[in-house]
Amino acid sequence: MSTIDREATGPEDLQKLHDDLSEVWGNPKGLKALTIVNHTTLGLRFMVTGMAFFLIGGILAMLIRTQIATPDQNFMTPEIYSQVTTMHGTVMMFLFAIPILEGLAIYMIPKMIGARDLVCPRLTALGYWCYLFGGIILSFSMVLEMAPDSGWFMYTPLSSSEYSPGLGSDFWLLGITFVEISALSAGVELVVSILRTRTQGMALHKMPLFAWYILAMALMIVVGFPPLILGSILLELERAVGMPFFDIAGGGDPVLWQHLFWLFGHPEVYIIFLPAAGIVATIIPVFAGRPIVGYGWVVFAITVMGFISFGLWVHHMFTVGIPQLAQAFFSAASMLVAIPTGIQIFAWLATLWLGKPKMKLPMLWIIGFLVIFVCGGLTGVMLALVPFNWQVHDTHFVVAHMHYVLVGGMLFPLMAGIYYWLPLFSGRMPSETIGKWGFWLVFIGFNVTFLIMHWTGLLGMPRRVYTYDTGFGWDIFNLISSIGGFVMSAGFAMVLIDIALHFRYGKPAKTNPWNADTLEWANQLPPSPYNFVSLPPIETRHPLWEHPELPREMQEGRHGLATASHGRRELWGTDPLTGKVREIIHVPSNSWWPLFAAMALAVVCISLLLRWYPVAGVGVVIAIGFLLRWSWENGAHPKAAPDAKVMPGDPPLHSRTMDGPGLWAMTTAMIANGSFFLSYLFGWFYLWTVSPEWRMPDASPLSLVALVVAGIALLGGSALMESSVRRLRKQLDKGLAMRLYGAALLGGLQFVLILWVMWNANLAVTETSHDAILMVGLYYALLHSALGAVISLLQGMRVGYRYVGAHAPFEPVVVAYFWRYNVVVFWILIAALAVLPRVIGG
Amino acid sequence: MKAMVQRLHLTHPGHFVGGLILWSIWFIAIYGGLSVACAVMPPDPGQGAFTHINITLLVGSLITALLLAGLAWGCFQEARQHKGRKHFNAFVSAWLYVFSTLAVAFVAAPMVGLPPCL
Amino acid sequence: MRERYLYHVASPCIQRVALRRVNRLILLLTMLVLAGCAGDRSILDPAGQAARDVALVWWVMLTFFTVVFIGVIALWLYAFKRKHHEHTAAQERKIARRWIIGGGILLPVFSVSALLMFGIPAGKRMLPLPLSEPPEVIEVIGHQWWWEVRYPGAAGGEVVTSNQLIMPAGEPVDFHVTSADVIHAFWIPRLGGKVDMLPGRVNVIRLEADEPGIFDAQCAEFCGTQHAHMDLYVEAVGREEFEAWLADRQGERLAELAVANDEFSQARETFVSTCAACHSVAGLSTATIGPDLSDIGARPMLGGGVLPMEEGAIQYWLENHQTLKPSNKMPSINYMDTATLESLGAWLETLTP
């Protein structure tokens, strides 16, 4: 196999290799820069945009601190104050914290695992545009003074149309859902990239810890975001159409919203913390000059956090009136998180203990992280204790705790990471002096603001009050908090100036300036769009420590995939467990489709906001058109990989195999879809069993016969897809197109039958939550049947163009997976919606 | 027994998530079960903690904990027989099963003392 | 007849704060020590068993966690300072295991187990378990942005009032709380924890005040624009006084009071023609959109904590309520002339059972 060292190449050949790679991977300039799909560029765009939203969120925070600096202030009206607090939380959580960390992961992961790009580059671009447009739409609401004002967790009924009649809640629900498309796309492709595109030999247990952290974060995004997307859709349907999911009188329940929100909201805290901890776990060994202690323990801790954090959501709801025994389950589970946290803190301590730690600027931020995060973690354990929680819930104590955890657990490591990777971004070193000033101002300002705020909370100050009377002993502490807040802002201003100046005045960095162990430092500084001229085989967790010549060898093209004359963007497809090379993954190059699709979705978002439903409908059709067109340029399409020639000894192209990354992406996407579906089922059973005014009709309005026939049609379609795949495995593609068309036809039949069931059920969707939630389930099935039919139809057409067939068998496998998912979900849906009510009754 | 343990492929990193997935299912089952039981047939509050609900939940938790403990034991056995990647996988899985076992015990403990539906 | 309370000034802590203004330095230093009693809403100044349990839990946790916190930070900083020793791989593994198992597993397991053993029984004591003698039940209903308080168990028939909660001291009281619109939260910090007030549901919380006294409360769940002005005046009184207070508010007594004074017949007419669409005064109207006003003159504050009740306060409220509490649900009645509002206010002030 050609992956082992090649002969050293002569200088002219090397120059040609660089030119070829630049030609294939290079970023276009001018207007065409909008088509860029490269992870380095998009990662930077994510981070810069995230920083811009951080500034907006920070200004909002300063407005809040000005308003409550002293009692009885009239700086802002109560309406504006509510908008400002709501938007501060929303911007910081959804438009800053998650996207900037995703951006960092998008930028860093391929470089760390020895790949040239993420595995679905167009998805990266779509994610970025959705984030940008969603963020702009959401922020624009502030310009209109129409921003959401029901608090960043949008509790209904306060956020419902009756108590929030303006557009504020709609901005939130639609904008956030739009932004979440971005998070989900990043989640899916990070999972697949980490599992399938690590360089040769990088077995799972040799992966850098950062990749473990990002893998956990990405999987958590995939599972954790869908509940909120469902909740947002339901609430928007309630507001726009009047379907009473959360309205008591209609048989709904406002507590359902809280469950759906916190099912997302608690994991989200860890989605933010894990990548930040990944930064810590990357930096500490470098500055301690030794490998991390307890690699296995840290992997253990990451896994535990990834799961346990889904079992904690009710601890945000301890005062809702849930039985105390159930609260005790969540209380105990919340406290369990102390164990993986403790393991990480002490693994890092042991690394410093056994190493020779150096106190450089990034380490200063790490120490800041430690002090603040440990404090926040300890108050977190306090809050997990139910009786104490009942007292301090919704007071400034919680506000203080939350900022300790989020700023300590996310912002400080992020700053450490930014300083640490600055040479990579710019090729220059940060300054130690201004940087230190900035750190101390932020650190002192932060603690002055928030340490004292615990006390304000204990003195009984509730959160989100726009004014307070003098005489409760809160005045002086609020004033101190506000002063601290402004000190902190000054600190951040200094940090930003430092970073801006360093691009011009920083000392040029030498290769691997911090003497790090991971592959991202084998890049040129700053990196080329293709990252590495050749992809190295890896034998240890610390390639650059044990093989310091590696960067030079890679640059000289002495390792794998050192060719680009074929015009494809290539990276390794490796075995997820062992890191053995299995195929060559060719990824698409620059494309307009992600931008166009995102623009169409933005039109949908805005027209839903303005209640121009016909326009929204047209927008949806156009967006789907763009996405399908995008999927057309795959496989053996002239824009992808029309010929399948590879270097002698190299493995085949992924589109010529049956197990390419698309399959993994489909599986991951279906995990997200499954999480959405389970959230829906949870909603259905929750309303059925718990909602106080739930009304179940005596006879189910759904025709069981029609649904079962639809289910059989679906099974038939799926069987056709499976048999196509089986035959492709045997290199047979005779009649492939007919099978695919047949499946599409059966999918169409299922679609028509579901439509008929919907029509015949006569659901009064605005009258009862029962009918409303049934309708949502039917729509879910309807959309899936349509999607299955359409993508099978397109595959049939692609067979005609010879883009798919025995020579390129990959895509039908992916489509067959979707059908499998559809079968399982649809039959569960029949059982839950049509059979169970008949068996149990209301 | 040995054949069964082999079929589980305890050196596969899938077992990193095995214990915690079982823990999650158990967690959903006890929380969902408790909520439904309290909605359908709440016991008399005067009965304290010794109700059919608590006892059913405790028995379910005990079975789950035993299952997890067994898997942990199996992983430790496997870890001892291998080196390198497989040892790493089995060893981390083993501790994750241990954690899951303890997590079941820890979360289930309040069932002994608290009345179910108040 | 009860005396009017001058809101907030009743607290001796406030006077102390005022004195301390003299010396800012001492103020800063002593604040931390005295802050526990500085307000009426401090959870560290408990006046009931539940709140006392939690305050104790807090101090224990604070002490213990401060030790943990300083210990962890000190270890990290020491790791930077200490002289580097070379270890063999086996020694390194041993040291690492000691840190990870000791600090990462045993320390948190021990801490959280201790906490739960302390915390779960404390929570259990707060449960509204059946008592041999059923406790007094008080219903509290949250509205945007005021409190409706009902006494279904009053001898002689249910008593209704607003924005004030009088409860018997020295005995457990079950509060049945719910909401008429959005989610609010019922919280008397010095007596115990809070519980949400949800539309369509009734939550029960049991609290007990050790001694008679005044305890503030404020809505604790963000409930919209005027969340900040949703205060509840809470006072615990002896059993007899409590019974007398309820007896004073029986329907017929209040109805008599409303029409007792002939000089206000004009004001009553204004009330019936305008205010009665939303407000009730026993004997005159039964609307339930706004707060019941039958005993408004005896309440210590107005507008959910916006104004203390003094002579002329109601008139001031009627003239300026949209400035004092912007966006509150009461339409502005500035179109009425001053004399009308003055007599309306004066009449309402006489509704003092």
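For every chain, the first residue of the written sequence is number 1, and numbering continues from 1 along that sequence. The lettering of chains begins at A and the numbering of ligands begins at 1, in the order of writing. In keeping with the model being predicted, local features are shown solely for residues with a pLDDT of at least 70 and side-chain atom pairs are shown and tallied solely at 80 or more, while totals for entire chains, interfaces and linings include all residues. As a rule here, side-chain values come from all non-hydrogen atoms in the structure, and water together with hydrogens is ignored.

- As annotated in an unreviewed UniProt entry, chain C carries the name cytochrome-c oxidase and is attributed to Vreelandella populi.
- UniProt positions are given in the numbering used here, feature names are shortened, and annotations may be inferred rather than shown by experiment. According to its UniProt record, chain C has this under Catalytic activity (unreviewed entry): "4 Fe(II)-[cytochrome c] + O2 + 8 H(+)(in) = 4 Fe(III)-[cytochrome c] + 2 H2O + 4 H(+)(out)".
- Per UniProt, chain C has the following entry under Sequence similarities (unreviewed entry): "Belongs to the cytochrome c oxidase subunit 2 family."

- Looking at an unreviewed UniProt entry, one finds chain A named cytochrome-c oxidase and attributed to Vreelandella populi.
- For the record of chain A, the UniProt heading Sequence similarities (unreviewed entry) holds the text "Belongs to the heme-copper respiratory oxidase family."
- Quoted straight from UniProt, the Pathway (unreviewed entry) entry for chain A says "Energy metabolism; oxidative phosphorylation."

**Concerning the sheet that holds strand E9 (residues 213-218) of chain C**
Residue and element names in this part refer to chain C.
Right, on to step 1. Reading across from one edge, E4-E10-E9 is the order of the three strands in this open sheet, with mixed pairing throughout. At either margin of the open sheet sits one strand with a lone partner, and together these are strand E4 (164-168) and E9. For this sheet, the mean angle separating the axes of adjacent strands, direction not counted, is 25°.
Right, on to step 2. Here the rule is simple: two strands pair whenever DSSP picks up at least two bridges between them. Each helix is a run of DSSP H or I of at least 4 residues and each strand a run of E of at least 2, with the numbering of both proceeding from the N terminus. Pairing between E4 and strand E10 (residues 231-237): five bridges, direction parallel. Across the sheet, leucine 165 pairs through a bridge with valine 234, a residue of E10.
Right, on to step 3. Packed on one face of the sheet, helix H5 (residues 239-248) meets E4 and E10 and runs near 135° to E4. In this analysis an axis means a line fitted to C-alpha atoms, helices contributing only their contacting stretch, and an angle means the value between N-to-C directions, from 0 to 180 degrees. Any two residues whose heavy atoms approach within 4.5 Å at even a single point are treated as in contact.

**Description of the sheet that holds strand E8 (residues 203-207) of chain C**
Within a sheet, neighbouring strands are paired by backbone hydrogen bonds and run either parallel or antiparallel to one another.
All names here are of chain C.
Right, on to step 1. Spatial ordering of the open sheet is given by E3-E2-E1-E5-E8, a layout of five strands whose pairing is mixed. Two strands lie at the open edges of the sheet, namely strand E3 (159-162) and E8, each paired on one side alone. Between one strand axis and the next, the sheet turns by 25° as a mean value, whatever way the strands run.
Right, on to step 2. On top of the sheet, H5 reaches strand E1 (136-143), strand E2 (146-151) and E3; it is set at about 100° to E2, its chief contact.

**Here we look at the domain arrangement of chain A**
Residues and elements named next belong to chain A.
Right, on to step 1. By the assigned domains, chain A splits into domain 1 (41-505) and domain 2 (695-842).
Right, on to step 2. For the domain bounds, the source is a domain assignment made automatically or taken from a database. Each of domain 1 and domain 2 has a C-alpha centre, and the two are 38 Å apart.
Right, on to step 3. Every contact between the two is made by eleven residues of domain 1 and, on the other side, ten residues of domain 2.
Right, on to step 4. What counts as buried area is the accessible surface, traced by a 1.4 Å probe, that two parts surrender upon association, with contributions from both included. Here domain 1 and domain 2 share an interface that buries about 720 Å² over both sides, 69% of which is from carbon and sulfur atoms.
Right, on to step 5. A per-residue breakdown of the area domain 1 buries against domain 2 is headed by Met243, Pro244 and Phe245, which together make up 47% of the total.
Right, on to step 6. Put simply, a salt bridge is a Lys or Arg side-chain nitrogen that is within 4 Å of an Asp or Glu carboxyl oxygen. Connecting domain 1 to domain 2 are zero salt bridges.
Right, on to step 7. Here a polar contact means two N or O atoms within 3.5 Å. Within protein one must be a hydrogen donor candidate and the other an acceptor candidate, and residues neighboring in sequence count only if both atoms are side-chain atoms. Counting across the domain 1 and domain 2 interface gives three residue pairs in polar contact (both at pLDDT 80 or more).
Right, on to step 8. Each residue gets one label: Ala, Val, Leu, Ile, Met, Phe, Trp, Tyr, Cys and Pro are nonpolar, Asp, Glu, Lys and Arg are charged, and the others, such as Gly, are polar. A breakdown of the residues in the side of domain 1 that touches domain 2 according to their chemical character gives seven nonpolar, four polar and no charged.

**Structural notes on the packing of aromatic side chains**
Residue and element names in this part refer to chain A.
Right, on to step 1. When two rings of Phe, Tyr or Trp (its six-membered ring) have centres within 6.5 Å they constitute a pair, described as stacked for plane angles under 30 degrees, edge-to-face for angles over 60, and tilted for the intermediate range. Inspection of the entire model under this criterion finds 89 aromatic pairs over all chains.
Right, on to step 2. Consider the rings of tyrosine 128 and tryptophan 129, whose centres lie 5.3 Å apart with planes at 65°: the pair is edge-to-face. Summarising the burial analysis for this pair, tyrosine 128 and tryptophan 129 share the class buried.
Right, on to step 3. Between the aromatic rings of tyrosine 420 and tryptophan 521, the centroid separation amounts to 5.5 Å while the plane-to-plane angle is 75°, which identifies the pairing as edge-to-face. Taken together, the residues span a long stretch of sequence, with tyrosine 420 in helix H13 (residues 396-426) and tryptophan 521 in the loop between helix H15 (475-505) and helix H16 (543-546) at a distance of 101 residues. We note that tyrosine 420, like tryptophan 521, is buried.
Right, on to step 4. These aromatic residues form a ring-pair network of at least three members: Phe94, Trp152, Phe153, Tyr155, Trp172, Phe225, Phe245, Phe246, Trp257, Phe261, Trp262 and Phe264. With a 1.4 Å probe rolled over the protein chains alone, any residue whose accessible area is under 20% of its type maximum counts as buried; one over 50% counts as exposed, and the rest are partly exposed.

**Considerations on the pairing of strand E2 (residues 581-587) of chain A**
Residue and element names in this part refer to chain A.
Right, on to step 1. When you tally the buried positions in E2, you get six out of seven residues, the bulk of the element.
Right, on to step 2. Bridge count between strand E1 (residues 569-574) and E2: six bridges; the pairing is antiparallel. In the strand pairing of E2, arginine 569 is matched with valine 587.

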